[in-house]
Structure formats: structure tokens, C-alpha cells
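# A closer look at the structure
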Amino acid sequence: MTASTTATAAEQPLMAVTSPRRLIDRVLRMRELAILVVLAVMLVATQIDNTSFLSEQGIKDLLLNATILVLVAVGEAVVVITGNVDLSVGSVLGVTAFAAGDLLRHGGNPVLAIGLAVLLGAGFGAFNGLLVGLGQVPSLVVTLGTLYIIRALDSIWVGSREITASRLPSGYKTFGHDGLSAIPYLALLATVVLIAVGYFLRNYRSGRECYALGSHAQAASLAGIPVRRRVMAAFVLCGALAGLAGALYLARFSYADAGTGSGYELTVVSAVVVGGVGFTGGSGSVYGAALGALLLTSINSVLPAIGVSSVWVEAIDGVLLLLAISVDRIVALRIAGLLRSRARQARSVIDG
Amino acid sequence: MADSTDTAPATAGAGLRRPALFGTLRWDAVVGALLVVLLGISFSTVDGFGNALNISFLIGNTLPVAAIALPMTMLVASGEIDLSVGSTVGLSGAVMGALWNHGMNINAIIVICALLGLVCGLINALLVTKLGLPSLAVTIGTMALYRGVAQIVLGSNSVTDFPQNYLDFGSGRLGGSFLPTAVLPWLVLAALAVVVLHATGFGRSVFAVGASAEAAWFAGVRVKRVKLSLFVTTGLVSSLTGVFWVLHYASATYSNATGLELSVVAAVLLGGVDFDGGRGTLGGAIAGVFLLGTLQNVMSLADVSAQSQTVVTGVLLTVSVLGPRVARQLLPSTR
Amino acid sequence: MRKATSFAALAAGGLLAVSMSACGGATKSSTDKAASSAPAATQSGSADPSAPIKKGLTVGFLPKQVNNPYFNISDAGGNTALTSLGESYKEVGTTSATDTAGQVSYVNTLMQQHVSAIAVSAQDPGALCTSLKQAMSAGIKVVTYDSDTDPGCRQAFVSQASSEDLGRSEVDLLGKELNYTGQIAILSAAQTATNQNAWIGFMQDELKKPQFANMKLVKIAYGNDDAQMSFQQTQGLLQQYPDLKGIISPTTVGIKAAAQYLDGSQYKGKVLLTGLGTPNDMRSYVQDGTVKAFELWDPGKLGQLAAYTAVALASGQITGAQGQSFTAGPMGNFTIGAQGVITLGAPTVFDSSNISQFNF
């Protein structure tokens, strides 16, 4: 009798140790599930109100609208996971969109144009990574400075030139809005990128190290993680994805000038935060960020479809962001409380 | 200043008070010196700079940034940030315009706008202190929210017909000199801010919270209360600045002061206020504000294009952030 | 507990302050301002139509936004006109179209640089007034072009085409294409944009006419001159009103975005689009049939006329009063209308037959 009770008593603390991790994983997955549920509810409610909302054209539109933001949000999420932030993404998108357009206008190959945009974006990302890693400067400040500098250099280079639809090869433009029935090519591309980055972060050591370094940079460094290299890689990825987004922006809108992408960084940061990637670093996933991007762009489509004036959009976006981070925090506090009580229970079992 | 260093923890790096202040003073002095040099050069070589009218333009246009930079410096010194200030300015102006169109008394409107600013600051404060949310994320959200509400309140209207004596206060000069009338309340505010931050216990606790909120808490500082009062003050100053903005430009629209927050942050950074918290002086921030304002005025007079001006601002910003760190490494006593 | 009482005290104090301040101070009805019906600011002294053109003048162009292709063309037109007269040209401006504080400081700058005249396209009708009035009292002539300020803050306004002409003609254009039946919508710029709102006012008035009895304006959407937003607003329009037959977009950014969206969607050719666009922007959409016709004026000519007007003012040939006339070089004679408005002419309609002739 005593043997079995001590055996079960020994099992219990073991379970008390492993279940918190399962609990956290469940909570994280719950977070992305929560956004998915909100998104689904919103879309279904709108469809009921307006039956042409989720037609083939409607779904295609929703996906296309979100694609650009999803790409940039994925890159930004990786940077935020490492505990930093990149505010220069809007300027990078603008510059790369025009660069790709310039190449195409002079008869360049579309694939080459996309490659150029990605390389250019990666280059800017490397510059950010260098300043953050080397100079030990808070990334908020560094990327604020590069936001200004890149935007200004873009203005000087572009001047008042513009890339218009008539200068772009028609194949490129068709790529921008066609697809397989309701799924646009651009959305497929973005999904591939999303899955690739998500898989890398979850299943590769260097990916998981990003989370560690975001949680506690000092501890990560002491544990042997090459902090500077990971941070640099995160910024380069973010810049490269912003560059890709720039090239695709051009395909979608067939227009670029000196003001393209201005102010985009705040939308991207909002998407990432709504998607559950916390600013303190070390938590969240790129899937969450992608869902956050989808949610934010869908709101801008839902409101006009149900007849709500566009005057409300900005206020609603703000409330959504505040709700998202508040709910995250309240849930996290609850979880922490739950873990504490579990730990207390486990301890009392061991002691008693 | 001297007595508080005895109680500060003697850790290398971020904690030491006197060497850190010493390092910041050096950067403050640099910014202040740059400002003086720039003024000197401009007065003697730039056409159209050195007259009363232009100086009054310069000061008048820089006043909104100068006013908000005061509480923003304290907020950044405590380790937080508020990006919603531009939207608060805009919302205050929009409410002012909307209430004016409804026939309300101008004095009552100004009081309501001040209260509105307190509320805006309180919302930020509660989300940051009660829920423990990062201020960057919160104020990005409230930035959108307040601007959105301004749009809902005022819509597409543009209100311009405020009473003349108030408009004169907003854009007039003191007896034809180079000082705008509105500089007087600002001077009072600045004096108050300097005294509070650099000569009171509250000010010391602000720096302590910025250096290490946990250590400050253990030392008995009411961290949450300090942050709450700073956010509320920022909201109040922003809404009053919104009233000034409407009177100065004689125009209330929902998009007033879009992007102002970046100018304030840039100026505060330039002035050597450390974003990690715990370091900085108001003198530096004020010098940074006027350095940027003077630079823009001079560059425009010298026909430097708007784009090039942005490059200069960006480079200055980056340099100003690297500068204090480099200074700290170069001066052995700051280790 | 302490916090609750302190908040209560604050609330009480606030209410007291509000009620006390309500006794005294001014209200809207007590101030006598009729800004909208104020006449244009005319100079004291009379016009001398035969006065020679002064030499050595500098005209400063201050568009809504630099690096904007439309303003680049208009200001280049101004430059051409000034060069042909032997005067000097200068252009300054903000990089953002919503930076009124920046635009005001540029007015100050131009004043400090002692230009002879300022030609400005105002971002906001009221915000520039204080500084423009200061400029005028310093002897600088002020002409607005493309987007006006309050009439009392400038001497003349060079209008691309009368707001009435623009509004009515766009409705007429769409009506003809739609055979005068069907639901239509408008995709505008920012809610506060003065020019667009003026044109929309005339559009709504035109729709009251009997020939448009079967056409109904179902919605005005605002794209804020942002490509993505204009896109999504267009999508929203089509989803909310599946029977929508036509869209008018009186803004070059909006019409571009709407055309791009229609081009890539199932609505291509089924929903007709017209509005204000530049030939270069619209060329591919006209060629593939997404847009049948649209209109605009020649921004270059607008800039030229602004330059000639500024020079005429600075030379004392006109003072901005109604009825005065002057010669704008090769562009011919122009007479000033009510409130100092000078109209360039009727808008030009572009379609597949003439679009290849234009390059702007």
C-alpha cells in the first residue's frame, strides 16, 4: 500500500514539472487560435450581412490585400522575437519597389527585378543589424534613424519620377492579381515564405536560439548563443522580406514613387503585436503575426462591405491593438498564477 | 545631486550616477555648443536669419515640440515612451474645433481640452502601470485610437474662426520683438520642469526608476505612481499644446500635428536623453529641440531641399545616439 | 482609497473650472467672422494694366508636396514661363502632403528670402493665413493655384477649371457612358480635401437634373489618396453595391488605384470608371478598355498661368480685383472673376483617340 502511494506521489511531482510546459505550448497555440476565431467570426458575420462578401472575387481580394503585410510582418516578427524592433521597413519597401520598377522599366527580367529588391532589402537589413549589434544601441533608436535616412535617400534618388502601369511588363502585372481560382499567386508565395520561416524558427537550433535571446539576452549569451550573429540574421531576413514585399507591391499596385511605403512601419508593428508577438521578445510565432496581418487588413475590407464609414477605421485599429495586448497580458498573468499554484501543490506533495 | 550617489548601487555600467551624469553633461554641452555655434554662423552668414520676424517664426514653430519635449524627457528618463502625443494634440484640436462649432464658450472649451488631455494620459498610464504592458505597444495603439476619435469628432471640417484676441496670443509677438507671446507660458513650464526633474526628490525617483525599476521599488520609490503621474502630465501638456497649435495656425482639423511624436522623440534623443532610461537632462533636450528647429530654419533659408534636410536629421539622430556611448568609452572616468 | 478621493477632487475641480470659465470669454456667435464671404485681399492703390513687367523678380512656388509628379509638371510650367520673361524661379515644399506646419514655415522662409511673389497650393485652407497675411503686408504678392486658401489670405487664385465645370462634366461623362441609368459611387481623396469636396458638391447638384433621374449616387468613399486604402474602398463599394455600374474618382491617386483593381478583377469592363487622371498613369487602362475616358487639365499650363499672374501682380498690372484683366504671355488674356479667381479653361477629356498625344 505504502509502496504504491509513494510511487504515485513520486509520479505526481514529475507531472507537475512537465505539464507547465505543455500548458504554455497550449496557451501559445491558443493565442493563434484566438485570432483565427476572431477572424472567422468577423468574416462569417460580414458574409451574413452581405452575401457577396465571400465570393470568389471577395476571397481573392482579402488574400491579396493581406499578402504584402503578411510578408513584412513575418520578417518583423522574427526581429521582435529576438527582442528588437525594425522601424525602417516602410522606407525599405518604398526603395525596393522603385528599384524593381526601374529595372523592369528598362526592360529587365522580372525574376531579376525581384532578386534585386530582395538583395537591396537584405543590404539595408544588414546595415541595421550592424548598428544594433555593434553599437549596442537600442534598435528602436537605430531603426528610427535609418527610417529617416533611407526615406530621404529614396526621395533624393527617385525625385519626382514614378513607375506607372504602362511601363511594366504585362506578365508581371498579371502575376500580381491572377491566381488559381480564389487563391492568388502572391498569396501562395507569401504562404510558402511563411511556412519556411515558421518551420525554421521551430525546428532548427538557430531558430530556437532567437527565442532564447529574446527572452534574456544575457543568459543566452552566457549559454553560448552567438547573440550578435543571430540578431544580424534576424535584421537581414526582415530587410530581405521587406524587399520582396516591395517587388510584390509593385506587381499588385503597378505604381511606385517617392512616397511609397511611407508610414507602413506602424501598420506592420500593429499586425505583429495583434498577432501575439510580444515586444519584450521571446514569445509568439510568425503564424500569429501572419494572422494578425490578415485580421488588420480584413477589417479595412469588412467595414466598407457592411457600410460603416471609413472614418471609424483608425479608431477601430487602435482599439484592436490595445485589446490584443491587454488580453495577452491578462492571460499571461492568469497563467503565471496558475503555474504558481501548481508549483505550490507539487511542493506540498513532495514535502507532505 | 551629490548626496544621491551615495545611495546608488555601485555596479559597473548603467547604475553609477555621477560618472553617468558626467558623461551626459558632456553630450549636453556638445549639443548646447553646437546650437550656439550654429546661431553664430547663421546670424553672420545666412541672409534673412538674423531678424526679429524670422526668429519669432523659428521659436513659434518650434514651441509645440519644445513644450511636449519637457514631459517626454521625464518619461524617457523613467524608461517609458509615449508615441501618442501627436494624436493627443490632434484630438485636442479637433475637439476644440467641434465644440466651437457647437457654440460653446472658448474658455470652457480650453478647460475641457485640458481635462481631455488628462484622460488621454490616464488611459496610457493605466495600461502601462496596472496591466504592465510595454509603453511602446500601448502608445502605438492609443496613437491610432486618439487620431481615429479626432477624425470621428471633427470629420472633414476645418474650423478657423476663433476669437481674434486668442489668435493673436497664438501667433503674435511681444511688442514687436523676436519673442512670440506664447513663449511666456512655455518658459514657466520649462522652469517648472527643470526644477521638478533636477532639484526635487520626485525627479531623483524618476531617474532611479529609469535606471532600474526593481531597485527603485526596493528603495521605497512608488514606481507605479511615478509613471502614472508622468503619463498624465504628458497627456495634459499635449492637449494644451493642441490648443496652442489651433490658435497658432488658426486652423483646427483632425490631421493637425500628424507625425509630431517623431519630431519630439528625435529632439529628445538628440539632446542626449538615454532611451534605456535613467540618464539625461532637460537642458540637453531643450537644446536638442532648438538645434533641430534652427537647423531646419537655416537649411530652408539656404535652399537645402526638404529631402536633404531629412537626411541631415536622420544622420544627426544616429550620431546623437552613438555619441554619448562613444563619449563614455573615451572618458576613462566614466567606466 | 486615496486615489479615489484625489480623482474625485480632480473631477470636482474640473467641473468648477468649466462652469466658472463659461462666464466670460467668447462664443462662435459672439465673434463676427465671415471668412468665407470675405473678398480677396486687394492691394490699396490701383492697377495699371499698361505697366511694364518688372525685371529681376523672383517667384517662389510652394506646392502641396514636392516629389509629387503632378506638382513637378505644374511647377516646371511655372519655371518655363518665368524663364521666358527673364525672371527667377524657386521651388520649396514639404515631402508630405499633410504637413501644414511645414508648409507654414516655408512661407516664412520665402518671406525671409524676400521673394517678389509666392505661388502656393495650400494643404489646408486656413492654416497658411496668418503667415500669408504677414507676407502680403511685407509687400509680397500671393497667388494660390490648384488648391485655394481662404480668399482673404491671397490676392488671386488660379483655378484649373471652375469647380462647377469639373464636377458637372465628370457626371456628364459618366452619364453618357452609362446611358444615364444605374447606380454610381464616388471614390474621393481625404475627407478634408477642399477641391474634391467642392467638386463633389457640384456633382451632387448636377445629378438633380432631370436627365439623371435614373442614375443614383449611392455612396461617397474616401481613399485618403493612399493606394492600398483606395483599393480596399473600391472593393468595399463593389461588395456593398453589387449593382454598381460606375465610379467617379476625382483624384489621380484614387482613379489609378480603382483602375488597377478593376483591371485585375471580374468587374473589368462591367463597371465603368472615370474621374481625374494623368495620361501617363491611365494609358494602359485606356488601352485595355478598363477606362473609356477621363479628364484633367494641363498642370503645366496651370503652373504657367500662376507664374504670369504672380508677375502681373508684382508689376502692378493687376491688384486681384474683379474685372481686371492681363495678358499671360502666349496664353492670351485672362479676366479676374469674383473673389479673385482666374480660371484656366475647360477641362480636357482624354480617351483612346487622343491619349497618345500627351506625355505627362
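Residues numbered from 1 in each chain as written. Chains lettered and ligands numbered in written order. Predicted model: local features only at pLDDT ≥ 70, side-chain atom pairs only at ≥ 80, totals over all residues. Heavy atoms only, no water.

All names here are of chain C. Per-chain confidence: chain C averages 84 in pLDDT, with 89% of residues scoring 70 or above. In this model residues 32-38 is a low-confidence stretch, pLDDT under 50, and it forms ten contacts with partners more than four residues away in sequence or in other chains. Interface confidence in the predicted complex, given as ipTM, is 0.80; pTM for the same model is 0.84. (pLDDT = per-residue confidence, 0-100. Contact = heavy atoms within 4.5 Å.)

Buried within helix H7 (residues 164-171) of chain B we find Tyr166(B), Leu167(B) and Gly170(B). Buried residues along H7(B) cover an arc of 100 degrees about the axis, so they all sit on one side. (Buried < 20%, exposed > 50% of the residue type's maximum accessible area, 1.4 Å probe, protein only. Helix = DSSP H or I, 4+ residues; strand = E, 2+ residues; numbered from the N terminus. Arc of directions from axis to C-beta.)

Contacts between the two partners involve 31 residues from chain C and, on the opposite side, 35 residues from chain A. Counting each side, the surface lost to burial between chain C and chain A is near 2700 Å², with a carbon and sulfur contribution of 45%. Contact with chain A buries area across many residues of chain C, yet Asn67(C), Gln232(C) and Gln239(C) alone supply 24% of it, more than any other trio. Joining chain C to chain A, the criterion identifies zero salt bridges. Applying the counting criterion to the chain C and chain A interface returns eight residue pairs in polar contact (both at pLDDT 80 or more). (Buried area = accessible area lost by both parts, 1.4 Å probe. Salt bridge = Lys/Arg side-chain N within 4 Å of Asp/Glu carboxyl O. Polar contact = N/O pair within 3.5 Å; in protein donor to acceptor, adjacent residues only side chain to side chain.)

The next thing to look at is unusual backbone geometry. Residues other than glycine seldom take positive phi values, yet Ala250(B) does so here, at roughly 55 degrees. Here Ala250(B) shows up in the loop between helix H11 (223-249) and helix H12 (260-270). The backbone of Tyr180(C) shows a phi angle near 60 degrees, a positive value even though the residue is not glycine. Take Tyr180(C): its relative accessible area is 29%, and that puts it in the partly exposed class.

Think of interface size as the accessible area that goes away when the parts come together; that is how it is often given. Across the contact, 47 residues belong to chain B and 41 residues belong to chain C. Here chain B meets chain C over a buried area of about 3600 Å², counting both sides, of which 55% is carbon and sulfur. Our count for the chain B to chain C interface comes out at one salt bridge. Scanning the region where chain B abuts chain C turns up five residue pairs in polar contact (both at pLDDT 80 or more). Within the residue set of the side of chain B that touches chain C, elements represented by two or more residues are helix H3 (52-77), helix H4 (85-101), helix H5 (106-129), H7, H11, helix H13 (282-301) and helix H14 (306-330) of chain B. Of the residues forming the side of chain B that touches chain C, the biggest block, eight residues, is contributed by H5(B).

Evaluation of the coordinates by the stated rule reveals four cavities of 30 Å³ or more. Put simply, the largest cavity is a space of about 200 Å³. Residue lining of the largest cavity: 17 residues in total, with Phe57(B), Asn61(B), Ser171(B), His248(B) and Gln134(C) positioned closest to the centre. Where the lining of the largest cavity is concerned, the elements lending two or more residues are H3, H7 and H11 of chain B together with helix H3 (100-112) and helix H4 (129-137) of chain C. A per-element tally of the lining of the largest cavity places H3(B) first, with four residues. Looking at side-chain class alone, the lining of the largest cavity contains five nonpolar, eleven polar and one charged residues. (1 Å grid on protein atoms, 1.4 Å probe; cavity = no way out; pocket = protein on both sides within 12 Å on 5 of 7 lines; lining within 4 Å. Points joined across faces, edges and corners; volume = space filled by probe spheres on them. Nonpolar A, V, L, I, M, F, W, Y, C, P; charged D, E, K, R; others polar.)

Let us now look at the state of the cysteines. Residues and elements named next belong to chain C. This structure, assessed with the given rule, holds one disulfide over all chains. In this model Cys129 forms its disulfide with Cys153; the gap between the sulfur atoms is 1.9 Å. One quick way to see it: the torsion about the S-S bond of Cys129 and Cys153 is about 90 degrees, and its sign makes the bridge right-handed. One end of the pair, Cys129, is in helix H4; the other, Cys153, is in the loop between strand S4 (141-145) and strand S5 (156-159), and 24 residues separate them in sequence. The buried category is assigned to Cys153, whose relative accessible area is 2%. (Disulfide = S-S within 2.5 Å.)

In this section: the nonpolar core. Met96(B), Phe162(B), Trp186(B), Trp297(C), Leu305(C) and Phe326(C) are the most contacted members of the largest nonpolar core, which totals 294 residues. Among the elements that line this core, the one with the most residues is H3(B), at 16 residues. (Core = buried A, V, L, I, M, F, W, Y, C linked by side-chain atoms within 4.5 Å.)

Right, let's get into the sheet that holds strand S6 (residues 182-188) of chain C. Residues and elements named next belong to chain C. Within the open sheet, the four strands sit side by side as S7-S6-S8-S9. Their pairing is parallel. Lying at the two open borders of the sheet, with one neighbouring strand each, are strand S7 (215-222) and strand S9 (272-275). For this sheet, the mean angle separating the axes of adjacent strands, direction not counted, is 25 degrees. Pairing of S6 with S7 involves seven bridges; the strand directions are parallel. Bridge pairing links Gln183 to Lys216 in S7. (Pairing = 2+ DSSP bridges. Axes fitted to C-alpha atoms, helices over the stretch in contact; angles between N-to-C directions.)

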